[in-house]
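# Fold and geometry: a report
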Amino acid sequence: MRRTALAALCLAAVAGAGLTGCLPGEDKASKTSQQPEDVKHTKGTKNTRDAKDKKEPFAGLTGGEITDRALRATTGASSLRMKGDVPDEESGGTLHFDMALNKQGDCAGTLGMGDEGEAELIKTGDTLYLKYDEAFLRAQSKGEPKADVDATVALLAGKWTRMSATGADAEEIASFCDLDQVLGDAEDGGSDATRGRTANVDGTPAIVLTERDGKDSHTFYVATEGEPYLLRIDSRSATDPGSITFTDYEKPVPADRPAGDVLDLDSLG
């Protein structure tokens, strides 16, 4: 079945976030609701048809045409922040992420799996910095000898580490920091989205678009003021349910080197 343009964007973002298994460094140490809380729908009033027509966002455009504008604006942004919860096929759990990234390959944010802790991540230039909490390290080390797990926790938990972003161990996570790669599958047009009512996403006016692909449906919120950026995706799919919000368009990514001591993982061999 043909994949629609906005569905492709949803899947591209989810696939980019689906960083399963151990994050770099550990081996070397060895639900979507129907009415999201941050989305409020707005209603028109009677006897204001003429005024409403004048103020109607994207007046005269079809859902597909609005989609084309949203895709151009979103994929054309030099930086943005993605935050969401998506399924992880490998573990069967839910991946939580909150990442700011740009087209230069810099990023900063957090990744976590369910309630099993999280890792902080910064990539700047050719260097990748990671800091794991104890819960994350123990969850990712299940099945390993207790002594090895305890040694890993003692070495890494709560400490910033660094490694080359061009090394084999860092390749997957580093690719997620490149905004062009994360949204690369969403550049083709051809959407059959239908337009709906207006809404408000975290204080930003938006229009609601809906795409269907078989039994799957995707709801998208597109900004109606300023650039028509994508603000939120809600995926209602048996295989890829989840929600992703997009904010901080064109803002600098806070990818500064961590202060204090940093453990060089490459030096561990």
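The structure displayed is predicted, hence computed values, not measured ones. (Residues numbered from 1 in each chain as written. Predicted model: local features only at pLDDT ≥ 70, side-chain atom pairs only at ≥ 80, totals over all residues. Heavy atoms only, no water.)

### Topic: the environment of cysteine 107
By secondary structure assignment, the location of cysteine 107 is in strand E4 (residues 107-113). The exposure class of cysteine 107 is buried, given its relative accessible area of 0%. Between the C-alpha atom of cysteine 107 and that of threonine 124, which follows or precedes it by 17 residues, the distance is 6.9 Å. Cysteine 107 has contacts with Met99, Ala100, Leu101, Leu121, Ile122, Lys123, Cys177, Val253 and Ala255, leaving out every residue within four places of it along the chain. (Helix = DSSP H or I, 4+ residues; strand = E, 2+ residues; numbered from the N terminus. Buried < 20%, exposed > 50% of the residue type's maximum accessible area, 1.4 Å probe, protein only. Contact = heavy atoms within 4.5 Å.)

### Topic: unusual backbone geometry
Non-glycine residue phenylalanine 58 carries a positive phi angle of around 55°. Within the fold, phenylalanine 58 resides in the loop between helix H3 (49-55) and helix H4 (63-76). Despite not being glycine, aspartate 248 has its phi angle at roughly 55°, a positive value. With respect to the helices, strands and loops of the structure, aspartate 248 is situated in the loop between strand E12 (242-247) and strand E13 (263-264). Judged by relative accessible area, which is 30%, aspartate 248 ranks as partly exposed.

### Notes on the environment of lysine 251
Within the secondary structure, lysine 251 sits in the loop between E12 and E13. Of the residues examined, lysine 251 reaches a relative accessible area of 48% and is grouped as partly exposed. Separated by 172 residues in the primary sequence, lysine 251 and serine 79 have C-alpha atoms spaced 6.3 Å apart.

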